[in-house]
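One-letter residues, chain by chain:
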Amino acid sequence: MLEVRDPADVRSVVAEVPAMTAAEVTAAYDRARAAFDGWRRANPLDRAAVLGRAADLIRARAEDGAVILVRENGKTLAEARVEVTKTADFLDYYASFARQPWGELLSDARPGTSTSVRVEPVGVVLAICPWNDPLITPARKLGPALIAGNAVLLKAASQTPSIAIWAARLLSEAGLPADVLQVVTGRNGEISGALLASPDAVTFTGSNEVGALLRRTLAARNVRLQAELGGKNVSVVLADADLDLAASVVVNAAFAQAGQRCTATSRLIVDVSAAAAFESRLRDAIAGIVVGPGLDPATTMGPLAYAAHRDGVLGHVERARREGGAVVAGGGRPAAGALAHGCYVEPTLVNVAPGQSLWRDEVFGPVLAVATADGFDQAVRLANDTVYGLSAAVFTTSLSAADEFINLAQAGQVAVKLPTAGWDVHHPFGGFRESGSAFKEQGAPGLRFYTRIKTAAVRFAW
Ligand code: NAP
């Protein structure tokens, strides 16, 4: 079995799920292939009805799902409720595509002939998901995969398997035929080979290291790969920005979910003329963050998801100190009283020089690296000074500066006077550079990965 411990108190085991064997994974693929044959032929409107019913069930049992999320992942109940709601939205949104065109009719120069373009499912999809948004990440993959008629093996993160199992049960209760969706749980050393042996497509959200391994393994077999990887998202505060607005938005973007969002702001660039005034606003806003267990209604920032991750995040802060970074807020592990046994890290602000590790490396925790820039051009240069390209934001009152920033930012998502996080189900989503792959998630483009195109010419008359 795999054991899941409560991030708010690691002495407590909150779930145990099977550690599957490689043979069990292979058998799951066999069942998925058989199930795919029926599901791909189902009427798209019937497929949509299943997704719609599942969305209703998720909303009806939202509180159950939210509590599972908090207990496995550590996020606050308020954050978990949003995740559950958006999960239902994903299923409803992709259900609506059943009523959209799924192909085209083309003219053909040959007499009595008509050529059509048909959109087909790709087959059995392996969806590998991380622990940070362990319900919504599967949902943004399952919505398009299932409406298009694919079968799915969902590999849940070992830290958060129960919520994936919960969602799969509700889809089953909503009428999803057996084995169209199966949740896989297990240790990578045991099951990775079997997982990667026979999918028709792999959609992966997770680290760059595992993404690179998948790319190497799958490219040789020409298996399509969608990869949503790491980030080092930036917010830029220009000299003319509304500093009060910018401070409250940036603090939320950096510290919500304890910074464990792929789109969390983890670098901040402030125009040097506004730096002192902005830092004092940031410190005030950070002082208002209440760190504690996610189930406590007073908490505004929960623990990190597991102890080794907490230690890794604290290691990034220590390294920043050694490299000359100045920790101006937080930087430690709150361990008093009830927090002693949890995976907590204080919301942390570090002034750094661009080029230092904290400027470059993904931390995936509540740590914001701050640098200054002298004017717009330098700010943009620094914003793009990263191998990543997921999300970027700018704070300015100048329309032309905002538009120029959108043009120049090397990021798949760009926001003006808004957080780097918080994109809706119908907004195409995906990173540039080392943050992603050519296939977008969400929105209408999110369907492309899960479909292939067949062109068929038919001679109707001699
Ligand atoms: P991770 O270590 O890459 O794990 C992600 C998933 O891959 C987990 O289910 C993990 O299983 C599985 N996995 C690991 N090694 C595998 C292997 N050899 N074969 C098959 N599956 C394997 O990533 P993480 O640390 O959990 O997640 C954090 C990372 O995800 C960060 O870099 C973050 O930026 C990124 N992320 C990106 C986005 C985006 O949209 N761009 C969104 C969220 C997160 P186990 O749990 O069993 O190890």
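Residues numbered from 1 in each chain as written. Predicted model: local features only at pLDDT ≥ 70, side-chain atom pairs only at ≥ 80, totals over all residues. Heavy atoms only, no water.

Chemist: How do you make sense of the site of the ligand when you look at a structure like this?
Modeler: In the region of the ligand, 27 residues are neighbours, and Cys 129, Ser 158, Ser 207, Leu 229 and Glu 362 sit closest. In the model, an oxygen atom of the ligand is placed 2.8 Å from a nitrogen or oxygen of the Trp 131 side chain. In the model, an oxygen atom of the ligand is placed 2.5 Å from a nitrogen or oxygen of the Ser 158 side chain. Across the complex, the protein chains shield 87% of the 910 Å² of accessible surface that the ligand would expose by itself. For the ligand, the cavity whose grid points lie within 2 Å of the majority of its atoms is the largest pocket. Among the elements of the structure, helix 7 (188–197), strand 8 (201–205) and helix 8 (208–219) are those that each provide at least two residues to the shell around the ligand. Looking at side-chain class alone, the shell around the ligand contains 14 nonpolar, 10 polar and three charged residues. (Near = heavy atom within 4 Å. Polar contact = N/O pair within 3.5 Å; in protein donor to acceptor, adjacent residues only side chain to side chain. Areas by Shrake-Rupley, 256 points an atom, 1.4 Å probe, with all protein chains shown as cover. 1 Å grid on protein atoms, 1.4 Å probe; cavity = no way out; pocket = protein on both sides within 12 Å on 5 of 7 lines; lining within 4 Å. Sits in = over half its atoms within 2 Å of the grid points. Helix = DSSP H or I, 4+ residues; strand = E, 2+ residues; numbered from the N terminus. Nonpolar A, V, L, I, M, F, W, Y, C, P; charged D, E, K, R; others polar.)

Chemist: Hey, could you run me through the nonpolar core in this one?
Modeler: What tends to happen in soluble globular proteins is that the nonpolar side chains get buried as a cluster. Judged by nonpolar contacts, the single largest core of 61 residues is most densely connected at Val 236, Val 237, Leu 268, Ile 269 and Phe 278. Among the elements that make up this core, the one with the highest residue count is helix 9 (residues 243–255) (eight residues). Contact partners of Phe 278, with chain neighbours within four places excluded, come to Val 237, Leu 243, Ala 246, Ala 247, Val 250, Leu 268 and Val 270. Membership of the second largest hydrophobic core comes to 58 residues, among which are Phe 90, Tyr 94, Leu 146 and Val 183. (Core = buried A, V, L, I, M, F, W, Y, C linked by side-chain atoms within 4.5 Å. Buried < 20%, exposed > 50% of the residue type's maximum accessible area, 1.4 Å probe, protein only. Contact = heavy atoms within 4.5 Å.)

Chemist: Is there a simple way to think about the layout of surface pockets in this case?
Modeler: Unfilled space is identified by rolling a water-sized probe across the atoms. Taken as a whole, the largest pocket spans an internal volume of roughly 1000 Å³. Pro 130, Trp 131, Gly 206, Ser 207 and Val 210 are, among the 44 residues lining the largest pocket, the residues nearest its centre. Of all elements in the fold, only helix 5 (136–147), helix 7, strand 8, helix 8 and helix 11 (307–322) reach the threshold of two or more residues within the lining of the largest pocket. Per element, the largest residue contribution to the lining of the largest pocket is five residues, and it comes from helix 8. Each residue belonging to the lining of the largest pocket can be placed in one class, and the counts come to 20 nonpolar, 15 polar and nine charged. In this structure, the second largest pocket encloses a volume near 400 Å³. The element that contributes the greatest number of residues to the lining of the second largest pocket is helix 4 (residues 77–95), accounting for five residues. Grouping the constituent residues of the lining of the second largest pocket by class yields nine nonpolar, five polar and seven charged. (Points joined across faces, edges and corners; volume = space filled by probe spheres on them.)

Chemist: Even after reading the chapter, I still don't get the pairing of strand 7 (residues 181–184), so can you show me in this structure?
Modeler: Two faces, one strand: in a regular strand the side chains alternate between the faces of the sheet. Along strand 7, one buried face is formed by Leu 181 and Val 183 and the opposite face, lined by Gln 182 and Val 184, is buried too. What joins strand 6 (residues 151–155) to strand 7 is helix 6 (residues 161–173), and the crossover it makes is right-handed. (Right-handed = clockwise from strand over helix to strand, strands pointing away.)

Chemist: For this particular structure, what's the right way to read the pairing of strand 14 (residues 367–373)?
Modeler: Burial within strand 14 is extensive, with six of its seven residues counted as buried. With five bridges connecting them, strand 11 (residues 265–271) and strand 14 associate as parallel partners. Of the residues in strand 14, the one forming a bridge with Arg 267 is Ala 369. Bridge count between strand 13 (residues 348–351) and strand 14: four bridges; the pairing is parallel. In the strand pairing of strand 14, Leu 349 is matched with Leu 368. (Pairing = 2+ DSSP bridges.)

Chemist: Honestly, unusual backbone geometry in this entry has me stumped. Any pointers?
Modeler: In this structure, Gln 257 is a non-glycine residue whose phi angle is positive, near 55°. By relative accessible area, which is 13% here, Gln 257 ends up buried. A positive phi angle is found at Phe 364, which is not glycine, with a value near 60°. Tracing the backbone through its elements, the reader meets Phe 364 in the loop between helix 12 (357–360) and strand 14. Given the relative accessible area of 18%, Phe 364 is considered buried.

Chemist: Help me understand the pattern of salt bridges, please; the structure alone is not making it clear to me.
Modeler: For side chains of opposite charge, pairing can occur when their charged atoms come near one another. Tallied over the entire structure, the rule returns 23 salt bridges. Residue Lys 75 pairs with Asp 133 through a salt bridge whose shortest N-O separation is 2.8 Å. Note that Lys 75 is positioned in the loop between helix 3 (62–73) and helix 4 and Asp 133 in the loop between strand 5 (124–128) and helix 5, a separation of 58 residues in sequence. You can call Lys 75 buried: its relative accessible area is 3%. Since its relative accessible area comes to 12%, Asp 133 is described here as buried. When the shortest N-O distance is used, the salt bridge between Glu 441 and Lys 141 registers 3.0 Å. Here Glu 441 is found in the loop between strand 16 (413–416) and strand 17 (451–459), whereas its partner Lys 141 is found in helix 5, with 300 residues between them in sequence. The pair formed by Glu 441 and Lys 141 is uniform in burial state, with each residue classed as buried. (Salt bridge = Lys/Arg side-chain N within 4 Å of Asp/Glu carboxyl O.)

Shape descriptors only; they carry no functional weight alone.
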